[in-house]
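# Fold and contact review
Residues per chain are reported as follows:
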Amino acid sequence: MSKLILSLDGGGIRGAATTQFLTHVEKALQKQHQKSLRDCVDFYAGTSTGSLIALALATTDMDIQDINKLYNVTNAKKIFLQNEGFLEIDGINAPKYEAKGKTDILKKSLGQAKIKDVPEGKHILAVTYGVEKHRPYVVKSTRSEFQNLLSYQVADASSAAPTYFPTRDMTLPPDNEQAWLIDGGVVANNPTMCAIAEACRLWPDSVRRVLSIGTGSQTRKINGPDSRHWGALQWMLKGCIIDVLSDEKVVGYQAITITPPGNYIRVNAEMRQQPGFEKAPDDAMDDISQTNIKRLKGMGDFWFDQYGEAVVELLNNSYEGPSLDRIDPTSGKPIVYKPD
């Protein structure tokens, strides 16, 4: 028996690349195998923007084309609405953006869907972090107490990135405690290992296939010598500390190492010009310009050119190639994993 995990990273507006890629994958699955993405996935996992996509696929009837359309300039302007509080310096002594727009878009998109609405035999998890108890919360359909949580509220908490959005409060079972939650990216921006751990417990005798999708790797340079003298403010302004904390490469290494050869594909690329990809998007999670969103979707197109055939066959459980890692920027091709 074989089970397929679909794991989706966080990354703000950069989720546009993820949905564009999955839209191509769905069309190819339908054309070549008369299957949908949902037919092939057994376990969904997401963090931040990835949690929105995962929860929409797992707990609503939205198709991937409609989820892809959510990543547009109009919605982005509502989500990333500048905080204009009196004497507040956005991102310094107050969140950069207000919360209402993001909450409204999530509620409108996911409606009254709940964690329990995942189809029978399939599962979902989303990662967030409780600041008061200094602990991650993995909201998952495998736990009965989480069944009645609203999907949009889970996605809202999972995407409350520090310095960008306010902390979200949420009443969590089983003790109905009020938890103050932030973006799960601070502990698991790539939720693949969380999903693998759950799948091992659920299906101990199954072969686990893993499709892990990033939102592009940041490439902006941090000045190493200067960083020796930085305090909190400089790390936030110059060091992109949230992005440093949410780096996904260690999780990628762990996941590809423990997954049987030929059963893992990591879709991701550095956000810079490389062979086959001439117009790289900005790597900021909040660059919501029309040009940047177009380039993010172009990155999804680029990914499909490089990974599409292999991913479609992995989803169909007919893939016979090697495990694949992120794209090598010198060649523009996925790195073939060769276990030592």
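About the thresholds
- Residues numbered from 1 in each chain as written.
- Predicted model: local features only at pLDDT ≥ 70, side-chain atom pairs only at ≥ 80, totals over all residues.
- Heavy atoms only, no water.
- UniProt positions renumbered as here; feature names shortened; annotations may be inferred.
- Buried < 20%, exposed > 50% of the residue type's maximum accessible area, 1.4 Å probe, protein only.
- Helix = DSSP H or I, 4+ residues; strand = E, 2+ residues; numbered from the N terminus.
- Arc of directions from axis to C-beta.
- Contact = heavy atoms within 4.5 Å.
- Core = buried A, V, L, I, M, F, W, Y, C linked by side-chain atoms within 4.5 Å.
- Phe/Tyr/Trp six-rings, centres within 6.5 Å; stacked < 30°, edge-to-face > 60°.
- Lys NZ or Arg CZ within 6 Å of the ring centre and 35° of its normal.

Going by an unreviewed UniProt entry, the chain carries the name Patatin and comes from Paraglaciecola chathamensis. As its UniProt record puts it under Sequence similarities (unreviewed entry), the chain is described as follows: "Belongs to the patatin family."

Moving on to helix α13 (residues 249-258). Each α-helix winds once per 3.6 residues, and so residues spaced three or four apart point in a common direction. Listed as buried for α13 are Val251, Gly252, Ala255 and Ile256. Viewed along the axis of α13, the buried residues span an arc of 125°, placing them on a single side of the element. Exposed side of α13, more than 90 degrees from the buried face: Val250 and Tyr253 are the residues found there. Elements in contact with the buried residues of α13: α9 (192-202), β8 (264-267) and β9 (324-328).

Moving on, we come to the nonpolar core. Among the nonpolar cores identified, the biggest contains 79 residues, and Ile265, Trp303 and Leu315 are the most heavily contacted of them. Here this core gets eleven residues from one element, more than from any other, and that element is helix α14 (residues 290-315). In contact with Trp303, other than residues within four places in its own chain, are Ala17, Thr18, Phe21, Ile213, Gly214, Thr215, Gly216, Val267, Asn268, Ala269, Gly308 and Ile327.

What follows covers the packing of aromatic side chains. Scanning the entire structure with this criterion turns up eight aromatic pairs. Between Phe80 and Tyr97 the ring centres are 5.2 Å apart and the planes differ by 80°, which places this aromatic pair in the edge-to-face class. Here Tyr97 lies in the loop between α5 (73-79) and α6 (100-110) and Phe80 lies in the loop between α5 and α6, a separation of 17 residues in the sequence. Their ring planes at 10° and their centres at 6.5 Å tell us that Tyr97 and Tyr164 sit as a pair that is stacked. Of this pair, Tyr97 sits in the loop between α5 and α6 while Tyr164 sits in the loop between α7 (151-158) and β5 (168-172), and the two are 67 residues apart along the sequence. Each of the two residues, Tyr97 as well as Tyr164, counts as buried. Each member of the aromatic cluster is reached from another via a ring pair, and the members are Phe80, Tyr97, Tyr164 and Phe165. We note Lys102 situated over the ring of Phe165; from NZ or CZ to the ring centre the distance is 5.0 Å. Lying over the aromatic face of Tyr137, Arg135 brings its terminal NZ or CZ to 3.9 Å of the ring centre.

Take the environment of Ala155 next. Mapped onto the fold, Ala155 is located in helix α7. Overall, the relative accessible area of 1% leaves Ala155 in the buried class. In this structure the C-alpha to C-alpha distance between Ala155 and Thr49, which are 106 residues apart in sequence, comes to 7.7 Å. The contact partners of Ala155, leaving out residues within four places of it in the chain, are Ser51, Leu52, Leu55, Leu106 and Leu110.

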